[in-house]
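Summary of the model geometry
Here's the letter readout for the chains.
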Protein chains: 2
Amino acid sequence: MLPLRPIVRRILSRSFQTCHYSSTSIFPRTISSLLHSPLSDERANETVTVAGWVRSVRRMKNVSFAHVSDGSTIHPLQAVLTKEQSENLSMGTSVKITGEWKESVGGKGQQSKELLAEKVEVLGKADPLTYPLQKKYQTPEFLRTLLHLRQRIPANTNLLHLRSNIISTLTAFFVEHSFIQCHTPIITSSDCEGAGEVFAIVPEKFFNTPKYLTVSGQLHLEALAAAVPRVWTLSPSFRAEKSGTTRHLSEFYMLEVEAAFIDTLDPLVALIEDMVKTIVRSISTSRVGKETLSTAGEDKAVQLEERWKGLLERPWSRITYTEAISRLGLAAEQKEVQFDIPAVWGAALQAEHERFLAQTVFNGPVFVTDYPKSLKPFYMLPSVSTVPTPGEGETVACFDLLVPAVGELIGGSLREYRYDELLTEMRRHGIAVGDGGEDEGSLRWYLELRKWGSTRHGGFGLGLDRLVCYLAGVENIREATAFPRWVGRCDC
Amino acid sequence: MLPLRPIVRRILSRSFQTCHYSSTSIFPRTISSLLHSPLSDERANETVTVAGWVRSVRRMKNVSFAHVSDGSTIHPLQAVLTKEQSENLSMGTSVKITGEWKESVGGKGQQSKELLAEKVEVLGKADPLTYPLQKKYQTPEFLRTLLHLRQRIPANTNLLHLRSNIISTLTAFFVEHSFIQCHTPIITSSDCEGAGEVFAIVPEKFFNTPKYLTVSGQLHLEALAAAVPRVWTLSPSFRAEKSGTTRHLSEFYMLEVEAAFIDTLDPLVALIEDMVKTIVRSISTSRVGKETLSTAGEDKAVQLEERWKGLLERPWSRITYTEAISRLGLAAEQKEVQFDIPAVWGAALQAEHERFLAQTVFNGPVFVTDYPKSLKPFYMLPSVSTVPTPGEGETVACFDLLVPAVGELIGGSLREYRYDELLTEMRRHGIAVGDGGEDEGSLRWYLELRKWGSTRHGGFGLGLDRLVCYLAGVENIREATAFPRWVGRCDC
């Protein structure tokens, strides 16, 4: 039995109820809300407190100016300090400053207001002798050795904002279009389409048989689309490929969409155009877009704005693979262009071909549809309407979206919905379907979606990290995500 | 050189531009849009086409009634068919029906309109002799052997909708509160806090040194919160624990939130209350909430609505761990309750203690704050204001949110932001900090966040799957996600 202590008396006399805070007002005011709020003017001469990291200090004879950023916007706030107040400040120092929010007297730069500091509190020092992020140009390679710090660089901060903006725009877009957001599994039983190398997990026996990190949520999304008609997911995918290109990561986020009861590619293609345009519209009309342009640098900003406009300005183009091959052959023949590898029916489109189509032929996004069956995975539905020319083979109802400068951005297809045909294809590709008695690791469940109440359906996948690169004008996919993983590199 | 073929002539004479579709109108009309649209009445006597799965067929002498659902709502549409039209229909068959959308003549049931079929097309059969989802009660255990099919059961369909609703509400909530959505990595270098068993990945040498599936995104989120002040993520987490409880999965989604420049738990606690209430408000005022209640069954629906109301109706309570221990001790002493394990200062709160606090003492959600340091991970900041009673030890600035019937739902804390103190704690817990020369796998990067420009910060984590269970009144977490994984089980 516990003794009755004085604290119990106190407790019994209290109600334990906390007062109710408004959660928005209880967080410290962000610098963005000061600089960019429409109320900014009304706040003039108010006493405010801000916290952030010092980006630079200019020390004049009697006064110092510190640029302070809290990452809520890439633009720093200018604080006016006495010499003493600025003493312990250097790049990277975290500070809390209370003062008067005033019309700028110097009137230097784009900023019309500044903070006349009354109280300056150093929260965390940043020794200039050791702090790795000094104010000079640092290569992306160097910054990639500092994943835990590089987000403080304005360009990287902006990428975080941009990525977040894209995600929330996508979420709202799919709500509006009555698509359900789902979570497809990360740990899966099969290595799927045999698409490249996969990671396996240990302990190997934890789930009895070997399990892998998913390479795509598509097959699972198809199971969900056999219950609700429109589904999407934004989930991590993995590839253990030992390539170190600027376009590939070992861990990346895939947006995947699946819709039931569709007979053609038309709804998917229309949805994609609508979706990407909605994202671009959101970016180009919001502060995050302006900040993307201003971190890009002047020359690049012009190109980037052109890119955004190019995505928005007119309906996107569409061409079949067969037509594309002919167009490419003609271009080579007429010396419009010279390809290292000729475009031949039955062979994959090379990057140079894709670039030529998107940049030169269409000067904008183009869907290339109906590729040869031999180039595509087992689950695609044969094309309906193409009349094969002699010498050409079967095609499947699929598409790749090609965009200028980048090439393939999105791929999709209708799926084989007929049991017998799918079974044949799976066997032909050596995919276990559980008829050898094995069940674990087989794709019998996927086949069975066609056994009862099968429907025509289709979908597509988009690499989010690639989209971020494309819309931010960033060359290397290792910048598109905060903590990139690729062969040999998994820092942090 | 390719020959110039006739197709090329055709191609050159075409523009390749597709006409621009509106992506919303090009998808087939959903049953939900017919049944629940405010325009439903205006559509009376219109000819419409719907597609879905047959849920049941009633065959009368001259006419048949089929209930058809497409998963866009749990409510089926009633189609009136001729005997011949209904011939090949059975539960699970997918059909496309065109007909007149009319005022129901029979007037049976809640539905006032029905589809007078003109054309019925069977899309995919469902042989009643083999289709596993027949119209009778099937246990959750049985349905868990059919992960690829069970989403077609109304209760499971509803859980997909509910989960999606929660995600989109969260996304909008955090946009409104100026939090950035981030993606923390899945493959990580350290096994983190040593919190339970972890999965490792193979090939082991792919990243040079052993890597693991993340157990929490918190540490990485802290790195991001050292650049932008408010961040959140909804990411998969993993535990290789061999427990098969109804509250644990091997793969689960964690909502994690981190905010910089906060000095107390107050903003976090207020944010959580606001966040959960926003979700509950969204559910309880929307169709997905009504459908959740109607799949729950009458008795459970009453309880569930009470639960939602209980979350909304008043400010949530707050108590320190020390006060809670005293209150529990008093309750036991006064025979208010009998615990199997007495509540003693320094020991973890047992489920029975948590239940008693949330259900009996507070009859609603309660934040228990400032637990003993010895019970919590290495990264928590010591409490500021508690005056330890003799015999009691140090506490840390943390909280658990306890809710009736379930217990702990959310946990959070302020983080140790002082370099030296954190280093001491990490060493005490045997966590590699890179001072043995090792770098890969060490948490030196985490420590370094405190080296330059450190700030007070804190955050919390919420298991999304547990929240889904709690808000849906579902007992077993294996129902909260479409493809659950737990020890020995990774179907599909």
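Residues numbered from 1 in each chain as written. Chains lettered and ligands numbered in written order. Predicted model: local features only at pLDDT ≥ 70, side-chain atom pairs only at ≥ 80, totals over all residues. Heavy atoms only, no water.

Going by what an unreviewed UniProt entry lists, chain A is known as asparagine--tRNA ligase and is assigned to Tuber melanosporum. According to the UniProt record, the Sequence similarities (unreviewed entry) comment for chain A reads "Belongs to the class-II aminoacyl-tRNA synthetase family." (UniProt positions renumbered as here; feature names shortened; annotations may be inferred.)

**Considering the overall build of chain A**
Check the secondary structure of chain A and you find 14 helices and 16 strands. Considered along the principal axes of its C-alpha atoms, chain A spans approximately 85 × 85 × 40 Å. Looking at chain A as a whole, 59% of its 492 residues are labelled buried. In chain A, of all internal contacts separated by at least 6 residues, the share reaching a separation of at least 24 is 68%. Accessible area of chain A: about 19,600 Å², with a carbon and sulfur share of 52%. On chain A, the mean spot of the 55 positive side-chain charges and the mean spot of the 57 negative ones are 9 Å from each other. (Helix = DSSP H or I, 4+ residues; strand = E, 2+ residues; numbered from the N terminus. Buried < 20%, exposed > 50% of the residue type's maximum accessible area, 1.4 Å probe, protein only. Contact = heavy atoms within 4.5 Å. Areas by Shrake-Rupley, 256 points an atom, 1.4 Å probe, with all protein chains shown as cover. Lys, Arg positive; Asp, Glu negative; His and termini not counted. Charge placed at Lys NZ, Arg CZ, Asp CG, Glu CD.)

**Considering the pairing of strand β3 (residues 77-82) of chain A**
Residues and elements named next belong to chain A. With respect to burial, β3 is a largely interior element, 5 of its 6 residues being buried. Sheet topology places strand β2 (residues 63-69) next to β3; 6 bridges connect them, and they run antiparallel. Bridge assignment links Val68 to a residue of β3, and that residue is Leu77. Sheet topology note: the β3/strand β5 (residues 113-124) ladder contains 2 bridges and is parallel. Residue Val80 lies in a different strand from β5, and its bridge partner there is Leu116. (Pairing = 2+ DSSP bridges.)

**Structural notes on the interface of chain B and chain A**
Each side of the interface is counted separately: chain B has 145 residues, and chain A has 146 residues. Summed over both partners, the interface of chain B with chain A buries about 12,300 Å², with 65% contributed by carbon and sulfur atoms. Among the residues chain B hides against chain A, the three largest losses belong to His183, Phe206 and Trp452 of chain B. Together they make up 7% of the total. Here chain B is connected to chain A by 2 salt bridges. Its salt-bridge partner being Asp263 of chain B, residue Lys96 of chain A comes within 3.4 Å of it at the nearest N-O pair. Among the elements that take part in the side of chain B that touches chain A, helix α5 (residues 154-176) of chain B stands out by supplying 9 residues, more than any other. Of the residues belonging to the side of chain B that touches chain A, the class tally is 73 nonpolar, 41 polar and 31 charged. With 3 bridges connecting them, strand β8 (residues 200-202) of chain A and strand β8 (residues 200-202) of chain B associate as antiparallel partners. Paired with Val202 of chain A across the bridge in β8 of chain B is Ala200 of chain B. (Buried area = accessible area lost by both parts, 1.4 Å probe. Salt bridge = Lys/Arg side-chain N within 4 Å of Asp/Glu carboxyl O. Nonpolar A, V, L, I, M, F, W, Y, C, P; charged D, E, K, R; others polar.)

**Comments concerning the confidence of the model for chain A**
Residue and element names in this part refer to chain A. On average, chain A scores 90 in pLDDT, and the residues at 70 or more come to 90%. Confidence drops under a pLDDT of 50 for residues 1-21, and excluding neighbours within four residues, the segment shows 41 contacts in the predicted structure. Note on the complex model: pTM 0.94, ipTM 0.94. (pLDDT = per-residue confidence, 0-100.)

**Quick word on the nonpolar core**
In this structure, Met275 of chain A together with Met275 of chain B are the most contacted members of the largest nonpolar core, which totals 134 residues. Core analysis: the next-biggest nonpolar cluster, separate from the first, contains 48 residues, Phe483 of chain A together with Ile325, Tyr371 and Leu447 of chain B among them. (Core = buried A, V, L, I, M, F, W, Y, C linked by side-chain atoms within 4.5 Å.)

**A look at empty space enclosed by the protein**
Going through the model one piece at a time under the given rule, you end up with 16 cavities of 30 Å³ or more. Considered as a void within the structure, the largest cavity measures approximately 120 Å³ in volume. As for the largest cavity, its lining consists of 15 residues, of which Gln181 and Leu234 of chain A together with Gln181, His183 and Leu234 of chain B are closest to the centre. Here the element with the most residues in the lining of the largest cavity is strand β10 (residues 230-238) of chain A; it accounts for 3 residues. Here the residues of the lining of the largest cavity are counted per class, giving 9 nonpolar, 6 polar and no charged. (1 Å grid on protein atoms, 1.4 Å probe; cavity = no way out; pocket = protein on both sides within 12 Å on 5 of 7 lines; lining within 4 Å. Points joined across faces, edges and corners; volume = space filled by probe spheres on them.)

**Thoughts on the pattern of salt bridges**
Residues and elements named next belong to chain B. According to the stated counting rule, one finds 41 salt bridges over all chains in the structure shown. The shortest N-O distance in the salt bridge between Asp263 and Arg456 comes to 4.0 Å. Placement of Asp263 in the loop between β11 (251-260) and α7 (266-284) and of Arg456 in the loop between α13 (444-448) and β16 (457-463) is noted, with a sequence separation of 193 residues between them. Overall, Asp263 belongs to the partly exposed group, its relative accessible area being 36%. Taking the relative accessible area as the measure of exposure, Arg456 reaches 28% and is therefore partly exposed.

**Observations regarding the side chain of Ser216 of chain B**
With respect to the element layout, Ser216 of chain B can be found in the loop between β9 (212-213) and α6 (218-224). Side-chain polar atoms of Ser216 of chain B contact the side chain of Glu256 of chain B, separated by 2.8 Å. (Polar contact = N/O pair within 3.5 Å; in protein donor to acceptor, adjacent residues only side chain to side chain.)

**Quick look at the packing of aromatic side chains**
A ring pair, where both rings are aromatic, is described by two values, the distance of the centres and the angle of the planes. Going through the model one piece at a time under the given rule, you end up with 34 aromatic pairs over all chains. Relative to Phe179 of chain A, the ring of Phe174 of chain A lies with its centre 5.4 Å away and its plane at 65°, an arrangement referred to as edge-to-face. Neither residue differs from the other here; Phe174 of chain A and Phe179 of chain A are each classed as buried. With a centroid separation of 5.8 Å and 20° between ring planes, the pair formed by Phe207 of chain A and Phe199 of chain B is classed as stacked. Pair noted here: Phe207 of chain A is in the loop between β8 and β9 (212-213) and Phe199 of chain B is in the loop between β7 (187-188) and β8, and the two residues belong to different chains. Each of the two residues, Phe207 of chain A as well as Phe199 of chain B, counts as buried. (Phe/Tyr/Trp six-rings, centres within 6.5 Å; stacked < 30°, edge-to-face > 60°.)

**Focus on the relation of the copies chain B and chain A**
For these two chains of identical sequence, chain B goes onto chain A by a turn of 180° and a shift of 0.0 Å along the axis, with RMSD 0.0 Å. The superposition of one copy onto the other is thereby described by a two-fold rotation axis. Within chain B, Ile201 of chain B has its C-alpha nearest the rotation axis, a separation of 2.3 Å. A shared binding surface is used by both copies, with 100% of the interface residues of chain B retained as interface residues in chain A. (Least-squares fit on C-alpha atoms with pLDDT ≥ 70 in both.)

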